[in-house]
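# Structural features, examined
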Amino acid sequence: MTQRITPNIWCDHDAEEAGAFYASVFDRTTSRVVARYPDDGLPEFQRSFAGQPLTVDVSIDGYRITLINAGNEFAPNPALSFLVSVDPRRFDDEHAARGWINRTWTRLGEDGLVVMDIGEYMFSGLYGWVEDRYGVSWQLKLMDLDAEPAPLITPMLVFGGPVRRRSHEAIALYGDLLPPAGITRQVVYPVTEPPHVDEPIIYSEFLLAGQRFAAFDSPVDRDFTFTPGLSLQIDCDGQEEIDRIWNTLSAVPAAEQCGWLVDRFGVSWQIVPANLAELMQHPDAYEHLMRMKKIVIADL
């Protein structure tokens, strides 16, 4: 199945370095520069990037993540993280799967931060949440032997702060725009770690454009919410689809630029034509793109 929705990570001048790091941490992973800034014609705030990498594609076990090489305007945070589902059936035994999780946890945590300590939880025999040196959050989870097969990497959205208790509303909105879609699994977990609260965690797994995502409503106050530091790019089949998705999702006019938008929940999206790389080969396409809000294919 073609991956239509690609997470994009905003990097502070170090996208190529970050890609090499992920390729060294995960098995079956590659990293490559796929686009560079033009040598000339850049706006003043980007001139120091002339000729440097613009985007780096990282493929982890066949799942594509794009790293955007830019400045320090934005940074990822735990509101949008990556769930790493480790299936013991893909290893010789459960002991080997646990060893892989522990090694990967250690590597990702080098010069990073622990969000939840690695250990046994009621929802997994081995789980940990870590923020790496680039600010990207990873949740490593040992799957049950009888669990349904799952991809290794799943983006997870945490709805907290001003959008707390709105995950179902978001899932419904996104699903209407990006079929095949719908909730495939939902679990209610009591909060067992401090701070203790009566409200449970409602965790959902769902499909968008046939791809697996996860979400939960945070039962406690969080000091973070969604930012452009980690956005979701949708590859669209022509202008009509760009218009339809853009008109439904965009909720913050001031955030509209170069195909980027912010929706009513604060999630950042990039709504782009599927053949954007080809279109960007047109003369002065980069300059034209920088002047756009919604992308108009005929004007590139």
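Scroll up to find the structure this text is about.
These notes cover the structure that comes with them. Everything quoted here is computed from the prediction, not taken from an experiment. (Residues numbered from 1 in each chain as written. Predicted model: local features only at pLDDT ≥ 70, side-chain atom pairs only at ≥ 80, totals over all residues. Heavy atoms only, no water.)

### Section: a negative patch on the surface
Together, Asp-39, Asp-40, Asp-284 and Glu-287 give the surface a local cluster of negative charge. Along the chain, the position of Glu-287 falls in helix α6 (residues 285-290). (Patch = residues over 30% accessible without salt bridge, like charges linked within 9 Å, V, L, I, M, F, W, Y side chains within 5 Å. Areas by Shrake-Rupley, 256 points an atom, 1.4 Å probe, with all protein chains shown as cover. Salt bridge = Lys/Arg side-chain N within 4 Å of Asp/Glu carboxyl O. Lys, Arg positive; Asp, Glu negative; His and termini not counted. Charge placed at Lys NZ, Arg CZ, Asp CG, Glu CD. Helix = DSSP H or I, 4+ residues; strand = E, 2+ residues; numbered from the N terminus.)

### Some words on the packing of aromatic side chains
With the rule as written, the count across this model stands at 20 aromatic pairs. Between Trp-10 and Phe-74, the aromatic rings sit 5.0 Å apart at their centres with planes inclined by 90°, giving edge-to-face as the arrangement. Here the residue Trp-10 occupies a position in strand β1 (residues 5-12), and Phe-74 occupies one in the loop between β4 (63-70) and β5 (80-86), the gap between them amounting to 64 residues. On the basis of relative accessible area, Trp-10 is assigned to the buried category, the value being 14%. Ring centres 5.1 Å apart and planes at 45° place the aromatic pair Phe-26 and Trp-138 in the tilted group. (Phe/Tyr/Trp six-rings, centres within 6.5 Å; stacked < 30°, edge-to-face > 60°. Buried < 20%, exposed > 50% of the residue type's maximum accessible area, 1.4 Å probe, protein only.)

### Some details on the pattern of salt bridges
If charged atoms from side chains of opposite charge come close, those side chains can pair. In the structure shown here, the tally under the stated rule is 13 salt bridges. In this structure, the salt-bridge partner of Asp-61 is Arg-28, at a minimum N-O distance of 2.8 Å. Remark: Arg-28 occurs in the loop between α1 (15-25) and β2 (29-36) and Asp-61 occurs in the loop between β3 (53-60) and β4; sequence separation between them is 33 residues. With a closest N to O distance of 2.9 Å, Asp-243 and Lys-294 form a salt bridge. Placement of the pair is Asp-243 in helix α4 (residues 239-249) and Lys-294 in the segment after α6, with a sequence separation of 51 residues. In this structure, a network of salt bridges that share partners links the residues Arg-4, Glu-241 and Arg-244.

### Digging into the sheet that holds strand β12 (residues 211-217)
What the eight strands build is an open sheet, ordered β6-β7-β8-β5-β9-β12-β11-β10; its pairing is mixed. Two strands in the sheet have a free side with no partner beyond their single neighbour: β6 (113-121) and β10 (182-189). Here the average twist between neighbouring strands, direction ignored, is 20°. As paired strands, β10 and strand β11 (residues 201-208) are joined by seven bridges and run antiparallel to one another. By the bridge assignment for β11, Tyr-189 is matched with Ile-201. (Pairing = 2+ DSSP bridges. Axes fitted to C-alpha atoms, helices over the stretch in contact; angles between N-to-C directions.)

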